[in-house]
Every structure is written in C-alpha cells, then in structure tokens.
Amino acid sequence: MRAASFSFKLGFSSNVLPRRLRKSPPCFSLMIKRLAITLPLVLSILFAHAISAQTQPSGSSSEVVHVDLAAPTTPFPHFWEQMFGSGRANLTLRDSYRRDLDWTREITALKYVRFHAIFHDENGVYDEDAQGNPIYNFSYVDQIYDGLLAHGVKPFVELGFMPKKLAANPVLHAFWYKPSPAPPKDYSKWDALITAFVQHLVERYGLDEVAQWYFEVWNEPNIDFWSGEPKQATYFDLYDHTARAVKAVNPRLRIGGPATAQAAWAEPFIQHVAQNNVPADFFSTHVYANDRSEDVFATHETIGRDQMVCRAVKKVHDQIKASARPSLPLIWSEYNASYKNEPEITDQVFMAPWLADTIRQCDGLVDIMSYWTFSDVFEEQGVLKTPFYGGFGIVAAGGLPKPAFNAFKVLHWLGEQRLAVDSNMALATLKAGSPVLAAWNLVLPGATGAAKTVTFQFSGLSGRHIAVIHRVDSTHGSLLDAYAQMGSPKYPTRSQIVTLQRAAALPEPERRQIADNQLTLDLPAQSLIVVEVK
C-alpha cells in the first residue's frame, strides 16, 4: 500500500501486488515467489503465537481510575461507528455483502458506507458511440444505491475511478479488478458525466435524500491511485471541475476531498479552494496505524501502532483550525490498524483494545472516522482463498465475526457524554445519566504483555448498583481458538461455519454488585471490557 513496504497476502496468488504498492526493484518478482512459498508458514506460526500469547506470564500491574459522576462532561458523539468502508461498488450487489452490512448495522450506529469504483466499467456507467458521443447507463448504479438504502444506510459517494473510454491514458492500477487511475481525456466529457450522474440520483431519490449524502472526489490521489502529473496540481484540476459540477446540480449537495493517503495535503488543499472559491464542504484523508513517520510527518521517528492514527488526526485537525476554513469538517474516510494483510493484527483480539484506545485519543479531533472495512467481501488482491488472511473487515468470509466485530458491538454501548479520567487505558461515559465504562489492556505486536487489574472508584454513586460486565478477549467473543482446533480449514463446511459463529458470539455478561463505591476487574493482555452500571 505504501512506498517501500510489502506484505504478502496469505491466500492470494503471488503475481498480485499488495494494496497500493508502488514501483518495485527488478528482483521483486523473485522475492514474491520465495515469499509465496515460505510466508504462509511464517504467518501461521505468528497466528498461533498470537493466540498462545494470551497465556499470561507471572506478575501483573494494577491501576485505579477515579470516576466523579458529578464532574462536568463533554459531548461524546460516536464518531467511530457512523461510517464504514467496503471494497468496491459492484460487491454491494452480493447477498454476502448485504448480510455483513445488516450485521454491522445491528451492532453500531452505522449511517454511511463508502466504497471505490462506482464508475468502473463493470458497472456499465459510461460508454461512447462510434462518433465519441457519451452514452450513460445507470442500471447498476440504481441497484447499488437502492440496495444500500433498503438496508438502512446512505452512500458516501466516492467519485471514481475513470471509465476506460474517458481515460487519458491506458494505465491501470495493480488491483485485481484493474481500476483506471487516469485523468479524463476531455474535461467537458467528465463534467457532463458528473452532472448526468448526480442529476440522475436527485431525480431517482429526491433532493432531500441526496442532500444527506456525501460526495468525495477520487481516492488517494497522492499515491498510485492517480496517474496525473504533477499529482497535486492535476488532482486540484479534477477536484475543481467535479465540485463545481456537483454544486451546479444543486448547492445543497455536499462535496469534498481530497481523500489522500498518509494524512496529506490539508494545507495546500484548503488554501487552493479558499483562494479559488471552489466548493468544499469537508476535508477527507486517510492513515493506517503502520504508516511510516517519514510519509505522514516527514520525520524519522518510530511511532507505535497505538499512536500513529490519532497523531495524524491531530496534525490535520490543527492544520484545519489554522487555515482559511477553520470550521471545515474533518472526515477520516479510511483507517485501520494495518494497511497490509496481517493475520496477527486485524484477525486478532488485539483489535479490541486498539480500537478502544484509538477512540480515546481521537475524541474531539474529528467529525467522522470510517473504519476500513466492515466486511471481507473484498477483492483488491483477488478472490479470497481462506477466511483468515488478515483482511480489513470485521466479518470474515463466510459470515464469521472477528473479535473486532465484538469490539464495535460493546463500544456501541458507551454513553453520549464523556467524563474525564486520569488514565490512558479507560473511558468513562454517561448514558441517560448512568455510567458506562471501558477499560483495556493493549499489548503492541512483538511485546510481551501481562495481566492487569483496574479498579474504578466512584464519587457520587449512591444506593445499590450492579455492574454488567462485557468482555472481548481470547475466550470471550473470539472464534480463533475454535478455528485452530478444527485445523484452520481453508474452506469451512456449513456445519463448521455454524460452530465458528457460535464461538464468536459474546457470552452472557457477568453481573457483579458494586461494593464500597468501587469495582475491581481483571484484564488479560489484549482484552477489552465495557461495564454498564445499573
């Protein structure tokens, strides 16, 4: 995905490049072939190690978290669960995609879904006749957006990639479905396509509906998803044309960008739209927890996976506040703990405490954060060949909820007001006046983690109260042990899928009396708890 980085995709053929990989040295294909032979074994060992690491070494630490229920609160909008990413537009037509969408919506406050390639030729949107006159076909577009709306979510419309007959050059991206990153050969035809597309949406769904959507111009134009050169100047040209075409249909429609990788271009983008009076209703960008500091901050420091995302968010937040558009909303339209396919990360219980800690740090700095992705119905590197390959989704292929799924589920129960606590491993919130707490024990990859205990000490809690305790760890809400015990099948049978779905289900929560205004809980390494005080 990023320059000078490589992750072999377990379960995919070795001739497919990883997500967003740029040019590689001539010996790279040989390295891929060797990795194709050796790395599945290495990753299986890492997978087993990630599970066995849940056995705790001797010794533990403890922390006391004081919760003053009479203290002032700050709003705590659930910015992390209102929007999710997914693969590409055409995948939304599949039953498996829509099933995973329904499951995600049931456990979160999901409102918007973003995906790539609405203009890909497989959707048949754009063609030209023998004289070069445009021909539009919105049949699949209608099925795609009808499906989202029927399943209770709205589109966050990423406007891209380029239809091949409109592309200025024949260069295709390395993704399996081969999108075109080219600029348009004729901006008058691009403007007409955007106008016809948006006007069709307004006519089909009504202005009041489409005015609630978002339109985002392109995806990650600062890397290999945009072949215009120089990248920034040519992208700004694309943005100007697109934004003005959308607003010409109706000024109520929301348009923004630039959806850059690595938290880039905030200052020049805002300066450009402000100086040239170009419409922009939000700024969007991306970062992943294993991005390099050189790419995000132009420094040579080591930034851990527990710090990168929210440090990048704060950088962009501060740049917006210091800009000519200080109130411009910030939408983080992609993030995850990894841009590679790492089974030891995105398939593991690591994701539960990582997500909670990311929420803690990013609160107050961003309007919406869109987790990439809700489903492993996903084909950037080809057709999936095994359910657990380090995919980005919270639901693995075959309808298998990962620990990340249950992390989103329990974190949804947090309240809408936040109480300040002096802890980097806890959150305290109020939901309809009642406390809802979270605590976690995050261990970074490669480190050895011990169990911890956390004691919540309450001020202002009167009467008798019960703590309802929800856990996500290796033995609560994780199917990984069950999957390993059945031999890690590449193609689980239908009966095995049922067994795994049962293993993934959260058990009944523990209930405990709160005594002397305090509650002490054990936290294994790589674990998350959410406590409802009733």
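In the block above lies the structure referred to throughout.
Residues numbered from 1 in each chain as written. Predicted model: local features only at pLDDT ≥ 70, side-chain atom pairs only at ≥ 80, totals over all residues. Heavy atoms only, no water.

Student: With reference to specific residues and values, describe the overall build of the protein.
Tutor: Assigned secondary structure in the protein consists of 14 helices and 22 strands. Look at the contacts in the protein between residues 6 or more apart in sequence, and 75% of them connect residues 24 or more apart. With the model as given, the accessible surface of the protein reaches about 20,300 Å², and the carbon-plus-sulfur share is 52%. (Helix = DSSP H or I, 4+ residues; strand = E, 2+ residues; numbered from the N terminus. Contact = heavy atoms within 4.5 Å. Areas by Shrake-Rupley, 256 points an atom, 1.4 Å probe, with all protein chains shown as cover.)

Student: Run through helix α3 (residues 139–150), naming residues and quoting values.
Tutor: Its 12 residues place the ends of α3 16 Å apart at the C-alpha level, agreeing with the 16 Å of an ideal helix rising 1.5 Å per residue. What α3 keeps buried is the set Val 141, Asp 142, Ile 144, Tyr 145, Gly 147 and Leu 148. Looking at the buried residues of α3, the elements they touch are α2 (95–107), β4 (112–116), β7 (154–159) and α4 (187–205). One or two residues past the end of α3 sits Gly 152, with phi positive at roughly 85°. (Expected span 1.5 Å × (residues − 1). Buried < 20%, exposed > 50% of the residue type's maximum accessible area, 1.4 Å probe, protein only.)

Student: How would you explain the sheet that holds strand β2 (residues 73–75) if you had to name every residue and give the values?
Tutor: Read across the open sheet, the 7 strands follow the order β2-β15-β16-β17-β22-β19-β20; overall the sheet is antiparallel. The sheet is open, and its two borders are formed by β2 and β20 (510–513), each paired with just one other strand. Taking the axes of each pair of neighbouring strands and ignoring which way they run, one obtains an average angle of 30° across the sheet. Across the sheet, helix α11 (residues 351–362) is in contact with β15 (417–419), β16 (426–431), β17 (434–441), β19 (466–472) and β22 (527–533); its angle to β17 comes to roughly 120°. (Pairing = 2+ DSSP bridges. Axes fitted to C-alpha atoms, helices over the stretch in contact; angles between N-to-C directions.)

Student: Lay out the packing of α11 against helix α12 (residues 403–411) with the relevant residues and their values.
Tutor: Put simply, α11 and α12 touch, their axes get as near as 8 Å, and they point 40° apart. When the interaxial angle is binned, α11 and α12 end up oblique. In the packing of α11 onto α12, the handedness of the crossing is right-handed. Contact with α11, carried on its side by Met 351, Ala 352, Leu 355, Ala 356 and Ile 359, involves Ala 404, Ala 407, Phe 408 and Leu 411 of α12 and no other residues of that element. (Parallel < 35°, antiparallel > 145°, perpendicular 65-115°, else oblique. Left-handed = near helix turned anticlockwise from the far one by under 90°.)

Student: Go over the packing of aromatic side chains, please, and point to the residues and values.
Tutor: All chains considered together, the criterion is met by 39 aromatic pairs. On the basis of an interplanar angle of 45° and a centroid distance of 5.7 Å, the ring pair of Phe 175 and Tyr 177 is categorised as tilted. Of the two residues, Phe 175 and Tyr 177, neither departs from the other in class, the shared state being buried. Look at Phe 236 and Trp 265: their rings are 6.0 Å apart centre to centre, the planes differ by 75°, and that puts the pair in the edge-to-face class. Linking Phe 236 in helix α6 (residues 231–249) with Trp 265 in the loop between β9 (255–260) and α7 (266–275), this pair joins segments that are 29 residues apart in sequence. Of the residues examined, Phe 236 reaches a relative accessible area of 8% and is grouped as buried. (Phe/Tyr/Trp six-rings, centres within 6.5 Å; stacked < 30°, edge-to-face > 60°.)

Student: Help me get a handle on the nonpolar core, residues and values and all.
Tutor: Note that soluble globular proteins tend to have their nonpolar side chains buried in a common cluster. Tyr 145, Phe 197, Phe 215 and Trp 332 are the most contacted members of the largest nonpolar core, which has 144 residues in total. A per-element tally of this core places α4 first, with 10 residues. Not counting residues up to four positions away in its chain, the partners in contact with Phe 197 are Ile 118, Phe 119, Phe 138, Val 141, Tyr 145, Val 157, Leu 159 and Phe 215. In terms of nonpolar packing, the next biggest core, distinct from the first, is built from 10 residues, Ala 396, Leu 480, Tyr 483 and Ile 497 among them. (Core = buried A, V, L, I, M, F, W, Y, C linked by side-chain atoms within 4.5 Å.)

Student: Residues and numbers for the environment of Gln 501, please.
Tutor: Looking at where Gln 501 falls in the secondary structure, it is placed in helix α14 (residues 494–504). Along the sequence, Gln 501 and Lys 402 sit 99 residues apart, while their C-alpha atoms lie 9.5 Å from each other. Excluding residues that lie within four positions of it along the chain, Gln 501 makes contacts with Trp 103, Gly 398, Gly 399, Leu 400 and Pro 401. Among the polar contacts made by the side chain of Gln 501, one reaches the main-chain carbonyl oxygen of Gly 399 at a distance of 2.8 Å. (Polar contact = N/O pair within 3.5 Å; in protein donor to acceptor, adjacent residues only side chain to side chain.)

Student: Tell me about the pairing of strand β21 (residues 518–523), and name the residues and values.
Tutor: Taking every second residue as pointing to the same face, the buried face of β21 carries Leu 519, Leu 521 and Leu 523, while none of Gln 518, Thr 520 and Asp 522 on the other face is buried. Of the pairings in the sheet, the one linking strand β18 (residues 452–459) to β21 comprises 6 bridges and is antiparallel in character. Bridge assignment links Thr 455 to a residue of β21, and that residue is Thr 520.

Student: An account of the sheet that holds β18 is needed here, citing residue identities and associated values.
Tutor: On the basis of which strands lie adjacent, the open sheet formed by 3 strands has the order β1-β18-β21 and mixed pairing. This sheet does not close on itself; its edge strands, each paired only once, are β1 (61–68) and β21. In this sheet, adjacent strand axes meet at a mean angle of 20° when their direction is disregarded.

Student: Tell me about the state of the cysteines, and please be specific about residues and values.
Tutor: If you walk through the whole model with that rule in mind, you get 1 disulfide. With its sulfur 2.0 Å from that of its partner, Cys 310 forms a disulfide with Cys 362. Classification of the bridge connecting Cys 310 and Cys 362 rests on its S-S torsion, roughly -105°, and on that basis the disulfide is left-handed. Of this pair, Cys 310 sits in helix α9 (residues 308–321) while Cys 362 is found in helix α11, placing the two residues 52 residues apart along the sequence. In this structure Cys 310 comes out as buried when scored by relative accessible area, which is 5%. (Disulfide = S-S within 2.5 Å.)

In short, geometric facts, not functional conclusions.
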